[in-house]
Amino acid sequence: MIDAARDLLDNYWVLMPVKVLAVLAIFLTFPLVVGYMEHKVMAHMQARLGPMEAGRFHGVLQLVADGIKFVQKESIIPKAADKWVFALAPAVALIPAILVFGFIPYGPDLVPIRSDVGLFVTLALSSVSVIGVLMAAWSSANKYSLMGGIRAAAQLIAYELPLVLAAAAVAMQAGSADLAVIVERQGWWGYIVGPLVIGFFVYGTAALAELTRPPFDMPVADSELVFGHLTEYTGLRFAFFLLTEYAGIVSQSAIAATLFLGGWKGPFLDGPWWLAAKVLALSFVVIWARSTYPRLREDQLQSFAWLRLVPVSLALLLVVGFLKVYEVGI
Amino acid sequence: MPALKGVGLLKGLGVTLKTMTRPAATRQYPHVKPDLPARSRGVIALIEENCTVCMLCARECPDWCIYIDSHKEQVAPKEGGRARTRNLLDRFAIDFALCMYCGICVEVCPFDALHWSPEFEYAEHQIEKLTHEMDTLRTWAYSVPAPDPLEEGAIEPKEIESARKAREAVAAKAAAAAEQARAAAPPVPAPAAAATQPAAATTTGAAAGTATTTPTAAAPTPVAGDAAPAASAGAAGAGTTTAAARPADVEVEPGIDQATYDRLLAAGESDRTARAKAKAAYMRRAKAEARAAQAAGATEPAPAPAAPAEAAAPTQVPAGEGAPAAEPASVETPAAATAAPETAPPAPSAVGTPEGAEPAADARDPDARSPEGDPTASGTAAEVVAPGAAAAQADAEHLEIEVDQETYDRLIEAGEPERTARAKAKAAYARKLRAAQRDGGGAGS
Amino acid sequence: MNGQEVAFLILAVIGGLAGLLVVTSRNVVHAALYLVVALASVAGVYLLLAAPFVAFVQVIIYVGAIVVLILFGIMLTRAPVGRRVLDNTLRARVGAFVVGAGVFIMFTVFLGGAFGDERIENQGATATEALGESLFRNYVLPFEAVSVLLLAALIGAIVLARRD
Ligand code: SF4
Ligand code: SF4
């Protein structure tokens, strides 16, 4: 029976849909879980209860209800908007966010799409999402959106650099850009023990900024820009952007866990559950940061990236290189 | 100072994490009713019987949102003299869409016809429906909480005072009768005491024991059972003199009488009302106990008096206080019945009361009744002895209202909203109850 | 025609069209977005040539950084919100055409001269490791020279931008 299943799975045309379905399932569940977590964790951190009604038990179905609501909403395209770009922007943001999930090693031999440059694939895909944001910003024909877009562009350029440099430090340490290999070369404690812990913080901060999550949410700063590039979006398109955001949290958490925290490895019984636990823990930290820190000012944001994170990540690259060349184990 | 900055960031994280582990401040409103303070300004209730159509409220209302219509009526003179005219209320409505809840109308009404009720869930989809007419305003009256107990040492309200006087008169008569009986049969004092005071016999055996012997000795004061301390002090007269004295001031920690609370909740009272009443009950009892303890400490060391306060015959409590003169009255009148309902609510309603009907309501809701917070339940006595108009009204105001199920079902079926149906059903119930009382009262007297 | 060639054809057509639209489009932002498509199809060609590392770096650098920078520049300076067309003069158009045609002819001639009718055989996938080896072992000097060039450009830009 198991052998038969294995044989069946060896067939490419059987395996492919299975992989696609699995990735889609992950894509559709984890962001929702994180979204719900954000509702609840943030509420409790503010001494509130958060959603309590939908789904009877502590509002577990709140996001499903939200989804149903979004579907029913009218989809409005502003008159002055560039219709095609406006309509395409959510897709451009969403599709790379889905694809990222295909390259993450979920367990030993559980990599939907294995690539020996998996690290760069994920980075490349998340940088494509940015284009979607810029398209949305410009095509809305709205000053607030445009300003949000400008901020987003400036911020994403600034934080892309430390992000890639920190990831490169890991690739250097592991001697591979293949995410599966990177996980295999780590102990279950990951790279967090050693100089790469700095890389973890740099990567985490930069990823937070890439996701334009608070405290780096200048591009959507609701107190000054209404909702940045999302101002003119309604209904399903808006929901897609939200989904992209939560999928981004999950995928960045997964990449960070893979790069620095030992991925699917754990103290006992290695497997996808460890990755899931780490992803949820990191998502919690993302939400925690959101409910703790106020938004940075634009100039603070820029100077923090260029004057702090970039030099630190360059120095880290140097240190890791030296340790690697002179074979000082980490 | 980068190091310090970092510490601040961590501290911030600590604050949010700590908040997360603490219970939330959220109130689950529609599921959990808000815990409103007793004097909340929810809606204005009208007790139309009290209203004399003086128009003060309508004139003082800053929003001019009270509408009153009335007509004059000639009342035939009782005995001679000319006919009097009097105003009869035709319409009384408050437009809550305009009302700003300033409370001036409630303050200004000289006849206690307007009251604040804490009900607040009367939002409507149509603004005209926010104009509450007389019948709606009347239903709100059923949720008006009982007035706070009077302060210790406050002057009694008139009706209660007159009730007390009447009660004393009855007591004196009863005492005289007992005297005569005793005089007629001096050799058997014990049964006489038992006859006049069955309650006393049930309490402390020792007290009862002394009681049987003392009456003949201390003839002038008829209250044998209470005389135990007096007798041991050898000064029965002292007992009579202290009778008029006000109960000693006692301080009591606030608390809640669980039994009352549970019972009221079971009876369908709102949580807030039940709590308030339970608190009142607790305070009354606790004060009585404390007073009894004081008195006991002053006169004799016997620890007996504390127990009776909780027992079914609380008439003993003031006895321990050394206020015997007034007591016999409460022995004959169903004082026990008024105090007892805390444990067994509906049963004693019929206990030997001449006016039967009023105390029936009374027994169901003792807490709302005795505004002084005095366990001798002079309020009941007032009802029994002198059911004056004012007292009767006060009584109606505090009827324990239940929902008339029939009306309720009918209205719900007719598509009325739940709240309206409940209110109207309540009104229907109250009407029936009052009618029943009137009939019962008529039959009794 | 094998699968690879079909894929190449598709990518070439998409990339070519996108490139054409970049220069003919009457809206700068549209032009920048077509540039994204063109660059992405180039990345696809790299993938076909079994050089995934180069392909994804192309996406990170060009799509993720260069185009974003271009869009940033456009939005910051003259983003034509709504439908505003470019006001290119005829002279600018002719100049652009001359430069574009020149480059096109140059590449055609050079490539034709270098390879002629020779058919380039499919090569095995270049492991990223091998790429790194050759870049940092055999071609270190050009690599460093390029980085010095970039540094010079950077300093030059700062000198131009600073007013004091
Ligand atoms: S509360 Fe004030 S505004 Fe409302 S009816 Fe009374 S007097 Fe008028
Ligand atoms: S002030 Fe009181 S008595 Fe006078 S009309 Fe108003 S409600 Fe009636």
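Residues numbered from 1 in each chain as written. Chains lettered and ligands numbered in written order. Predicted model: local features only at pLDDT ≥ 70, side-chain atom pairs only at ≥ 80, totals over all residues. Heavy atoms only, no water.

Draft legend 1. Looking closely at the overall build of chain A. Check the secondary structure of chain A and you find 12 helices and zero strands. Along chain A, from the amino end to the carboxyl end, the secondary structure elements read α-α-α-α-α-α-α-α-α-α-α-α. Residues counted as buried form 55% of the 330 residues belonging to chain A. Sequence-distant contacts in chain A: of pairs separated by 6 or more residues, those separated by 24 or more amount to 76%. Carbon and sulfur atoms make up 71% of the accessible area of chain A, which totals about 14,500 Å². (Helix = DSSP H or I, 4+ residues; strand = E, 2+ residues; numbered from the N terminus. Buried < 20%, exposed > 50% of the residue type's maximum accessible area, 1.4 Å probe, protein only. Contact = heavy atoms within 4.5 Å. Areas by Shrake-Rupley, 256 points an atom, 1.4 Å probe, with all protein chains shown as cover.)

Draft legend 2. Up close: the overall build of chain C. Secondary structure summary: chain C contains six helices and zero strands in total. Taken from the N to the C terminus, the helices and strands of chain C come in the order α-α-α-α-α-α. Restricting to contacts in chain C with at least 6 residues of sequence separation, those with at least 24 account for 62%. Accessible area of chain C: about 11,700 Å², with a carbon and sulfur share of 72%.

Draft legend 3. Representation of the interface of chain B and chain A in the model. Taken together, the contacts link 14 residues of chain B with 15 residues of chain A. Between chain B and chain A lies a buried interface of about 1,200 Å² when both sides are counted; carbon and sulfur atoms form 65% of it. Sorting the residues of chain B by area buried against chain A places B:Leu13, B:Thr16 and B:Met20 first, and these three jointly supply 39% of that buried surface. Our enumeration of links across chain B and chain A arrives at zero salt bridges. Run the count over chain B and chain A and you get six residue pairs in polar contact (both at pLDDT 80 or more). Partitioned by chemical class, the residues of the side of chain B that touches chain A number seven nonpolar, six polar and one charged. (Buried area = accessible area lost by both parts, 1.4 Å probe. Salt bridge = Lys/Arg side-chain N within 4 Å of Asp/Glu carboxyl O. Polar contact = N/O pair within 3.5 Å; in protein donor to acceptor, adjacent residues only side chain to side chain. Nonpolar A, V, L, I, M, F, W, Y, C, P; charged D, E, K, R; others polar.)

Draft legend 4. Up close: the site of ligand 1. Near ligand 1, the surroundings consist of 14 residues, among which B:Cys61, B:Cys99, B:Cys102, B:Gly103 and B:Cys105 are the closest. A class-by-class count of the residues in the shell around ligand 1 yields 12 nonpolar, one polar and one charged. (Near = heavy atom within 4 Å.)

Draft legend 5. Local environment of the pairing of strand β1 (residues 43-46) of chain B. All names here are of chain B. Alternating residues of β1 divide into Val-43 and Ala-45 and Ile-44 and Leu-46, and every residue in both groups is buried. Judged from the four bridges that link them, β1 and strand β4 (residues 114-117) form a sheet pairing that is antiparallel. Looking at the pairing, Val-43 lines up with Ser-117 of β4. (Pairing = 2+ DSSP bridges.)

Draft legend 6. Geometry of the interface of chain C and chain A. With 26 residues of chain C at the interface, the matching set in chain A holds 27 residues. Of the roughly 2,300 Å² buried at the junction of chain C and chain A (both faces included), carbon and sulfur atoms supply 81%. Our count for the chain C to chain A interface comes out at zero salt bridges. Taken together, the connections running from chain C to chain A amount to zero residue pairs in polar contact (both at pLDDT 80 or more). Breaking the side of chain C that touches chain A down by element, the ones donating at least two residues are α2 (28-48) and α3 (52-77) of chain C. If you tally residues by element for the side of chain C that touches chain A, the top one is α3(C), at 14 residues. Along the lines of polarity and charge, the residues of the side of chain C that touches chain A split into 20 nonpolar, five polar and one charged.

Draft legend 7. Region of interest: the layout of surface pockets. Approximately 1,500 Å³ is the volume attributed to the second largest pocket. Contributing to the lining of the second largest pocket are 37 residues, with A:Phe201, A:Thr205, A:Tyr293, A:Phe304 and B:Leu9 lying nearest its centre. Per-element accounting of the lining of the second largest pocket gives the leading share, eight residues, to helix α8 (residues 196-210) of chain A. Broken down by class, the residue content of the lining of the second largest pocket amounts to 28 nonpolar, seven polar and two charged. (1 Å grid on protein atoms, 1.4 Å probe; cavity = no way out; pocket = protein on both sides within 12 Å on 5 of 7 lines; lining within 4 Å. Points joined across faces, edges and corners; volume = space filled by probe spheres on them.)

Draft legend 8. Representation of the site of ligand 2 in the model. The local shell around ligand 2 holds 14 residues, among which B:Cys51, B:Cys54, B:Met55, B:Cys57 and B:Cys109 are the closest. A per-class count over the shell around ligand 2 returns 13 nonpolar, one polar and no charged.

Draft legend 9. Quick look at the nonpolar core. Counting 109 residues, the largest nonpolar core has A:Leu119, A:Tyr159, A:Tyr203 and A:Leu259 as the members making the most contacts within it. At 17 residues, helix α6 (residues 143-174) of chain A tops the list of elements feeding residues into this core. Among all residues touching A:Tyr203, those that are not within four sequence positions of it are A:Leu123, A:Leu163, A:Ala166, A:Ala167, A:Gln252, A:Ile255, A:Ala256, A:Leu259 and A:Phe260. Counting 31 residues, the second-largest nonpolar core is a separate cluster that includes B:Ile44, B:Ala45, B:Tyr122 and B:Leu137. (Core = buried A, V, L, I, M, F, W, Y, C linked by side-chain atoms within 4.5 Å.)

Draft legend 10. Fine view of the packing of aromatic side chains. This model, assessed by the stated rule, comprises 19 aromatic pairs over all chains. A ring pair is formed by A:Phe27 and A:Phe101, whose centres lie 5.7 Å apart and whose planes are at 75 degrees; its orientation type is edge-to-face. Taken together, the residues A:Phe27 in helix α2 (residues 12-45) and A:Phe101 in the loop between α4 (83-100) and α5 (118-139) connect sequence positions 74 residues apart. Overall, A:Phe27 belongs to the buried group, its relative accessible area being 3%. Note on A:Phe101: relative accessible area 1%, which makes it buried. Ring plane angle 20 degrees and centroid distance 6.0 Å describe the contact between B:Phe96 and B:Tyr101, whose orientation is recorded as stacked. For B:Phe96, a relative accessible area of 5% translates into the label buried. (Phe/Tyr/Trp six-rings, centres within 6.5 Å; stacked < 30°, edge-to-face > 60°.)

Draft legend 11. Broad picture of a nonpolar patch on the surface. Residue and element names in this part refer to chain C. Together, Val-99, Val-103, Phe-104, Ile-105, Met-106, Phe-107, Val-109, Phe-110, Leu-111, Phe-115 and Ile-120 line one region of the surface with nonpolar side chains, adding up to about 1,100 Å² of accessible area. Relative to the helices and strands, Ile-120 resides in the loop between α4 (90-115) and α5 (128-138). Judged by relative accessible area, Ile-120 falls into the exposed class, the value being 58%. (Patch = residues over 30% accessible without salt bridge, like charges linked within 9 Å, V, L, I, M, F, W, Y side chains within 5 Å.)

Draft legend 12. Broad picture of the confidence of the model for chain C. Residues and elements named next belong to chain C. Looking at chain C, the pLDDT average stands at 82 and 89% of residues meet or exceed 70. Between the elements of chain C, mean pLDDT differs from a low of 80, seen in α5, to a high of 91, seen in helix α6 (residues 140-161). Across the whole predicted complex the pTM is 0.61, and at the interface the ipTM reaches 0.76. (pLDDT = per-residue confidence, 0-100.)

Draft legend 13. Local environment of unusual backbone geometry. That bond from A:Pro214 to A:Pro215 is cis: its omega, 5 degrees, falls within 30 degrees of zero. Summarising the element assignment, A:Pro215 is placed in the loop between α8 and α9 (222-225). A positive phi angle, close to 70 degrees, is found at B:Met55, a residue other than glycine. With respect to the secondary-structure elements, B:Met55 resides in the loop between β1 and α2 (56-60).

Draft legend 14. Summary view of the pattern of salt bridges. Residues and elements named next belong to chain B. Counted under the stated rule, the structure contains 16 salt bridges over all chains. Its salt-bridge partner being Glu-73, residue Arg-86 comes within 3.2 Å of it at the nearest N-O pair. On the criterion of sequence distance, the pair formed by Arg-86 in strand β3 (residues 84-95) and Glu-73 in strand β2 (residues 66-75) is long-range, its members being 13 residues apart. Arg-86 gets classed as partly exposed once you look at its relative accessible area, which sits at 45%. In this structure, Arg-182 and Glu-179 form a salt bridge, with 3.4 Å as the shortest nitrogen-oxygen distance. Remark: Glu-179 and Arg-182 occur in helix α5 (residues 158-184); sequence separation between them is three residues, near one turn of the helix.

Draft legend 15. A look at the packing of α4(A) against helix α10 (residues 235-260) of chain A. Residues and elements named next belong to chain A. Following both chains from N to C, one finds α4 and α10 inclined at 25 degrees, their axes separated by 9 Å at the closest point. For the element pair α4 / α10, the angle class is roughly parallel. Seen along the crossing, α4 lies across α10 with a hand that is left-handed. For the pair formed by α4 and α10, the contact residues are Phe-86, Ala-87, Ala-89, Pro-90, Ala-93, Leu-94, Ala-97 and Val-100 on the first element and Arg-237, Phe-240, Phe-241, Leu-243, Thr-244, Ala-247, Ser-251 and Ile-255 on the second. Within the contact of α4 with α10, the residues separate by chemical class into 13 nonpolar, two polar and one charged. (Axes fitted to C-alpha atoms, helices over the stretch in contact; angles between N-to-C directions. Parallel < 35°, antiparallel > 145°, perpendicular 65-115°, else oblique. Left-handed = near helix turned anticlockwise from the far one by under 90°.)

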